[in-house]
Amino acid sequence: MKAPDARTVSYGILLGLTGSVWLINGLFCKLMMMVPRHMWIVGSVLGYEHAVLFTKIIGLAETLFAFWIVSGYLPRVTAILQVIVILAMNLLEFFLAPGLLLWGRFNLVFALLFAAAILVNEFVLRPSTPNGTDV
């Protein structure tokens, strides 16, 4: 049995880290409300009346996203959807809640770097499947 090459190992590590980001932000920060700032951000974007409910719904979606990512099911679709969600969330926050963000408007730079890492991981580092399908 052949040992995995550096590209395959890098892909797996980055995939696990990406899934961890979604899991931590979804489960701990939003569902378990360990970081109230997330609820305040959601409230400033979607309204404070139902901020707790919307924060928990978003947290559940992010948690499920983490499991989808590491499952490997439709990885390219997952990567593209992640980038769309990251950019949409961060652009909304950039304009509607910059004072609540950890690094203010500079958060957008980290979002762009995270999105780029996801795309590089999926479209450059991801090893080809044996049957040649990379959907």
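For the structure, see preceding data.
To start, this report covers the structure provided alongside it.

Calculation notes
- Residues numbered from 1 in each chain as written.
- Predicted model: local features only at pLDDT ≥ 70, side-chain atom pairs only at ≥ 80, totals over all residues.
- Heavy atoms only, no water.
- Salt bridge = Lys/Arg side-chain N within 4 Å of Asp/Glu carboxyl O.
- Helix = DSSP H or I, 4+ residues; strand = E, 2+ residues; numbered from the N terminus.
- Buried < 20%, exposed > 50% of the residue type's maximum accessible area, 1.4 Å probe, protein only.
- Contact = heavy atoms within 4.5 Å.
- Polar contact = N/O pair within 3.5 Å; in protein donor to acceptor, adjacent residues only side chain to side chain.
- Axes fitted to C-alpha atoms, helices over the stretch in contact; angles between N-to-C directions.
- Parallel < 35°, antiparallel > 145°, perpendicular 65-115°, else oblique.
- Nonpolar A, V, L, I, M, F, W, Y, C, P; charged D, E, K, R; others polar.
- Expected span 1.5 Å × (residues − 1).
- Arc of directions from axis to C-beta.

### Thoughts on the pattern of salt bridges
Step number 1: Evaluated as defined, the whole model comprises 3 salt bridges.
Step number 2: Where K30 meets E62, a salt bridge forms, and the shortest distance between an N and an O atom there is 3.0 Å. Here the residue K30 occupies a position in helix 1 (residues 6-31), and E62 occupies one in helix 3 (residues 51-71), the gap between them amounting to 32 residues.
Step number 3: Using a relative accessible area of 7% as the deciding quantity, one classes K30 as buried.
Step number 4: Linking E122 and R126 is a salt bridge whose minimum nitrogen-to-oxygen distance equals 3.1 Å. Taken individually, E122 and R126 each receive the classification buried, so the pair is uniform in this respect.
Step number 5: Taken together, the salt bridges that share partners define one network made up of R76, E122 and R126.

### What about the environment of T63?
Step number 1: Relative to the helices and strands, T63 is located in helix 3.
Step number 2: Beyond its immediate sequence surroundings of up to four residues, T63 is in contact with W22, L23, G26, L27 and L31.
Step number 3: A distance of 3.1 Å separates a polar side-chain atom of T63 from the backbone nitrogen of L27.

### Considerations on the packing of helix 2 (residues 36-46) against helix 3
Step number 1: Close contact between helix 2 and helix 3 brings their axes to 9 Å; oriented N to C, the two are set at 110°. Accordingly, the angle class assigned to the pair helix 2 and helix 3 is roughly perpendicular. Contact residues: helix 2 offers H38, M39, V42, G43 and L46, while helix 3 offers A51, V52, F54, T55 and I58.
Step number 2: Each residue belonging to the contact of helix 2 with helix 3 can be placed in one class, and the counts come to 7 nonpolar, 3 polar and no charged.

### Things to note about helix 5 (residues 107-125)
Step number 1: Taking 1.5 Å as the rise per residue, helix 5 with 19 residues should run 27 Å; its terminal C-alpha atoms sit 25 Å apart, in good agreement.
Step number 2: Every buried residue of helix 5 is accounted for by N107, L108, A111, A115, I118, N121 and E122. For helix 5, the arc enclosing every buried residue in end-on projection is 150°, short of the 170-degree limit, so these residues lie on one face.
Step number 3: Buried residues belonging to helix 5 abut helix 1 and helix 4 (75-96).

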